[in-house]
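Descriptive structure summary
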Amino acid sequence: MNEQAQIREPQVVEIPDFVTVRQLAALMDVTPIVVIKELMKAGVMANINQQIDYETAAIVAQEMGFEPREETPIAEDVEDEGPTVLWDRLYAAEDPQNLKSRPPVVTILGHVDHGKTSMLDAIRETDVVAGEAGGITQHIGAHQVEHDGRSITFLDTPGHEAFTAMRARGAHTTDIAVLVVAADDGVMPQTVEAINHARAARVPIIVAVNKIDKPTAQPERVKQQLADMGLVPDDWGGTTLCVPVSAKKQIGLEDLLEAILLVADSTEIKANPDRPAVGTVLEGQLERTRGATATVLVQNGTLRIGDTVVARLAHGRIRQMLDEFGNPVEEALPSTPVLILGLSDVPEAGEMFKVVPDERTARAIVAKRQEELDARSAAPVRAFTLDDFSSRIQAGQVRELNLIVKTDVQGSIEPIVSSLEKLGGEGLKVNIIHAAAGNISESDINLAIASHAIVVGFQVYPDAAARRMAENEGVDIRTYEIIYKLIDEVDKALKGLLEPTYVDVVVGEADVRAMFRIPKIGVIAGCYVRSGEARRNARARVLRDGEPLYDGHVASLKRFEQDVREVRTGFECGIGLDGFDDFVLGDVIQFYVKEREKTA
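Here goes a summary of the coordinates provided. By convention here, each chain's residues receive numbers from 1 onward along its written sequence. Local features in a predicted model are, by the rule used here, given only for residues with pLDDT of at least 70; side-chain atom pairs are given and counted only at 80 or more, and totals for whole chains, interfaces and linings are based on all residues. Excluded from the side-chain calculations are hydrogens and water; all other atoms, namely the structure's heavy atoms, are used.

Relative to the assigned elements, T302 resides in the loop between strand 14 (291-300) and strand 15 (303-304). Only protein chains enter the calculation, and the probe is 1.4 Å; a residue is then buried if its accessible area is under 20% of its type maximum, exposed if over 50%, and partly exposed in between. A residue is classified by how much of its surface remains accessible, and T302, at 2% relative accessible area, is buried. Within the structure, the side chain of T302 is placed 2.6 Å from the backbone oxygen of P273, a separation counted as a polar contact. Excluding residues within four positions of it along the chain, T302 makes contact with P273, R275, A277, D307, E331, A332, L333 and P334. Counting from the N terminus, the helices are the DSSP runs of H or I reaching at least four residues and the strands are the DSSP runs of E reaching at least two. We define a polar contact as two N or O atoms separated by no more than 3.5 Å, with the added condition that, inside protein, one atom must be a possible hydrogen donor and the other a possible acceptor, whereas residues neighbouring each other in sequence contribute only through side-chain atom pairs. Note on contacts: a residue pair is in contact if any heavy atoms of the two residues lie within 4.5 Å.

Here's what the structure looks like:
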């Protein structure tokens with residue numbers, strides 16, 4: 001009777017796919033020494049920081065009276081499906097009846113010295129709310145102004161490079177772009193870049209023709225230049241609102257704010273305030289007295305004090321929120337920028353944040369992301385290349401090729417762009433995101449990341465910083481010395497004729513130490529993985545004295561009678577090969593995968 005009373009259900013322990021000895025000991029609330037002893041009994045020598053797979057950990061847990069279960073990952077909704085997919089699904093999931101109008105979020109772009117900063121300062125000064133608060137604002141990367149009883153949120157981005165860098169990181173923050181063009185200077189190279197960056201972001205453009213108070217101002221000439229770029233002014237019969245302003249003398253600013261609200265009404269900018277908040281980190285910094293802080297822009301839902309948030313690898317419970325004037329606030333509605341305190345770490349600008357149910361969920365999400373980040377940093381960067389595009393054209397997955405074109409001189413742009421735009425047919429086309437003279441820069445790479453574009457250079461080359469960024473982010477840069485070769489390769493890609501080159505990449509090697517004949521299955525090789533990892537989905541070669549005997553598919557990969565996907569260095573496993581039984585002691589099984597060769 002007493003014995004029956006002592007019988008208890010084994011305690012359940014959830015174990016991830018891979019776990020260190022120290023982590024496994026903590027999960028079972030025992031010392032690491034006990035776990036190491038159990039591993040030694042199973043024939044596995046491991047130190048306290050060594051990773052073991054789930055199958056090995058499960059055996060140890062069973063021996064110690066626990067019931068092992070695979071850890072159930074906490075769902076992350078659509079976190080890593082890419083920024084465009086994420087936002088599309090985020091809003092597509094909303095019931096239209098729950099959506100309400102929110103203030104438009106505006107970014108001011110333009111050529112250097114054309115008055116972007118002056119424009120922001122002048123708009124701030126017209127704001128009655130700021131005046132009543134004493135005009136003292138703390139720099140939180142954004143601010144709101146009131147006009148006709150409605151709010152407008154302005155982002156303090158220093159230029160289109162920063163605007164696109166945030167987009168490249170996944171931030172789709174802007175609803176409307178205000179392009180500042182000086183009436184005396186007109187359209188300049190950076191103005192053209194700003195237009196192309198705004199178009200790539202697919203946001204409506206309002207033009208503020210600044211410095212109209214100057215005697216040398218030529219607003220009509222500016223309008224002609226804009227019309228030549230496809231931005232036909234509304235008073236010329238086009239759709240682009242052009243507002244004459246003077247930031248210095250505060251002329252036309254009311255008209256500009258009116259134009260912003262007019263465009264906002266026509267684009268139906270809405271959000272659902274009655275849901276957990278999601279949005280974008282605008283700035284992050286570590287303050288001596290406050291710790292890790294972040295300025296965030298709420299884009300959907302309502303953010304409240306006490307909410308638990310995750311921003312990539314930073315997480316925490318919000319203990320305080322401040323508006324742009326340093327006043328504490330209890331909640332932040334859609335399109336509201338606030339400074340939040342209570343994070344574990346400083347998040348990077350451009351990262352998305354979201355509210356999660358509790359801190360356990362937050363920690364689990366961050367741990368999963370860190371694991372994926374470590375895996376990605378160990379793996380080669382996967383570039384989107386012309387070869388990829390060609391194969392996806394054949395599969396019918398894409399119909400448009402985005403290109404960024406850089407040339408040595410201005411005169412080369414027109415013939416190359418016009419030749420590229422003539423390519424395609426049957427719904428396939430080339431979309432020139434940006435074309436300009438000059439070497440390939442970091443700004444071009446950021447635009448390529450944000451637009452999923454390929455960078456094409458004619459008699460120009462990437463600078464060191466751009467090449468480094470392209471390699472890290474997987475951006476394909478193609479450079480050419482002859483125009484017809486450039487056109488020919490793009491044409492072949494559009495027709496799906498560009499054949500990729502594949503190379504064999506060895507991922508692991510295992511020594512054959514025993515053979516077992518299994519009825520109805522064949523011979524299984526008992527192996528020790530000496531380098532890399534044995535993979536179930538890789539191809540395999542059998543090498544004997546360095547000479548290949550067999551090249552084919554892996555039929556089975558087992559550890560302790562369990563089918564597994566991979567076995568890492570230092571572990572033993574059973575390997576069966578499709579159509580090969582003739583193993584001998586000392587054979588080497590080499591695992592490899594085919595990868596596309598990187599273009600020069």
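After that view, the rundown keeps rolling.
In this section: unusual backbone geometry. With phi around 50°, E268 is a residue other than glycine that occupies positive phi space. Looking at the secondary structure, you find E268 in the loop between helix 11 (253-267) and strand 12 (270-271).

Salt bridge, as applied in this entry: a Lys or Arg side-chain nitrogen positioned within 4 Å of an Asp or Glu carboxyl oxygen. Tallying each qualifying case throughout the model produces 20 salt bridges. Put simply, K558 and D563 hold a salt bridge, and the shortest N to O gap is 3.0 Å. Linked by salt bridges that have partners in common, D504, R539, R541 and D551 make up one network.

Patch membership is restricted to residues that have no salt bridge and whose relative accessible area is over 30%. Joining uses 9 Å for like charges and 5 Å for the nonpolar side chains Val, Leu, Ile, Met, Phe, Trp and Tyr. Surface exposure here means Shrake-Rupley accessible area, sampled with a 1.4 Å probe, where a residue is shielded only by the protein chains that are shown. Charged residues are defined narrowly, with Lys and Arg counted positive, Asp and Glu counted negative, and His plus the chain ends left uncounted. A charged residue contributes its charge at one atom only: NZ of Lys, CZ of Arg, CG of Asp or CD of Glu. Among the surface-exposed residues, D148, E254, D255 and E258 lie close enough to one another that they form a single negatively charged patch. Looking at the secondary structure, you find E254 in helix 11.

The next thing to look at is helix 10 (residues 219-228). Among the residues making up helix 10, those that are buried are V222, K223, Q225, L226 and A227. In this structure, the buried residues of helix 10 make contact with strand 9 (176-182), strand 10 (205-210) and strand 11 (242-244). Once helix 10 finishes, G230 follows within two positions and takes phi at roughly 95°, a positive value.

What follows covers the sheet that holds strand 11. Taken together, the six strands give an open sheet; going across it, the order is 7-8-6-9-10-11, and neighbouring strands pair in mixed fashion. Every other strand in the sheet has two partners, leaving strand 7 (142-147) and strand 11 as the edge strands with one partner each. Across this sheet, the average inter-strand angle for adjacent strands is 30°, counted without regard to direction. We call two strands paired when DSSP finds no fewer than two bridges between them. Pairing geometry for strand 6 (residues 105-110) and strand 8 (residues 150-155), over three bridges, is parallel. Pairing of T107 across the sheet is with L155, part of strand 8. In this fold helix 11 packs onto strand 6, strand 7, strand 8, strand 9, strand 10 and strand 11, with an angle of close to 100° to the strand it touches most, strand 8. Every angle, taken between N-to-C directions, lies between 0 and 180 degrees, and every axis is a line fitted to C-alpha atoms, over only the stretch in contact when it is a helix.

This next bit is on the nonpolar core. Ranked by size, the top nonpolar core spans 44 residues in total, and within it L24, I575, L577, F583, I589 and F591 carry the most contacts. Apart from residues lying up to four places away in sequence, F583 is in contact with V512, M515, V523, A525, V542, R544, I575, L577 and I589. Note on terminology: a nonpolar core comprises buried Ala, Val, Leu, Ile, Met, Phe, Trp, Tyr and Cys residues joined through side-chain atoms within 4.5 Å. Core analysis: the second largest hydrophobic core is formed by 27 residues, A208, L241, V245 and L261 among them.

Turning to the packing of aromatic side chains, a few remarks are in order. Working definition: a ring pair exists when centres of Phe, Tyr or Trp rings (six-membered ring for Trp) sit within 6.5 Å. Plane angles under 30 degrees give stacked, over 60 give edge-to-face, the rest tilted. Overall, the coordinates contain two aromatic pairs when judged by the stated rule. Centre to centre, the rings of Y550 and F580 are 5.2 Å apart; their planes meet at 40°, and the pair counts as tilted. One end of the pair, Y550, is in strand 28 (residues 547-559); the other, F580, is in the loop between strand 31 (572-577) and strand 32 (588-596), and 30 residues separate them in sequence. With respect to burial, Y550 and F580 carry one shared label: buried. Both rings, one in F580 and one in F583, keep their centres 5.1 Å apart while their planes meet at 85°; by these two values the pair is edge-to-face. Of the two residues examined, F580 and F583, each falls in the buried class. By way of ring pairs, the aromatic residues Y550, F580 and F583 are connected into one cluster. By definition, being over a ring means that NZ of Lys or CZ of Arg is both within 6 Å of the ring centre and within 35 degrees of the ring normal. Directly above the aromatic system of Y592 lies the positively charged group of R541, at a separation of 3.9 Å from the ring centroid.

To continue, consider the pairing of strand 8. Along strand 8, five of the six residues are buried, which leaves the element largely enclosed by surrounding structure. Note that strand 7 and strand 8 share six bridges and pair antiparallel. Its bridge partner being in strand 8, E146 is matched across the sheet by S151. Connecting strand 7 to the next strand, strand 8, in antiparallel fashion are two residues, including D148 with a positive phi near 55°.

Another aspect to go through is the packing of helix 3 (residues 32-41) against helix 4 (residues 54-63). Angle between the axes and distance between the axes: these two values describe a pair of packed helices. Two elements in contact, helix 3 and helix 4, have axes separated by 10 Å at closest approach and are oriented at 105°. Taken together, helix 3 and helix 4 sit at an angle that is classed as roughly perpendicular. The segment helix 3 lies against helix 4, with V35, E38 and L39 engaging T56, V60 and E63. Under the convention adopted here, Pro, Cys and the residues Ala, Val, Leu, Ile, Met, Phe, Trp and Tyr are nonpolar, Asp, Glu, Lys and Arg are charged, and Gly plus all remaining residues are polar. Within the contact of helix 3 with helix 4, the residues separate by chemical class into three nonpolar, one polar and two charged. Reported orientations rely on four angle classes, namely roughly parallel under 35 degrees, roughly antiparallel over 145, roughly perpendicular from 65 to 115, and oblique for the rest.

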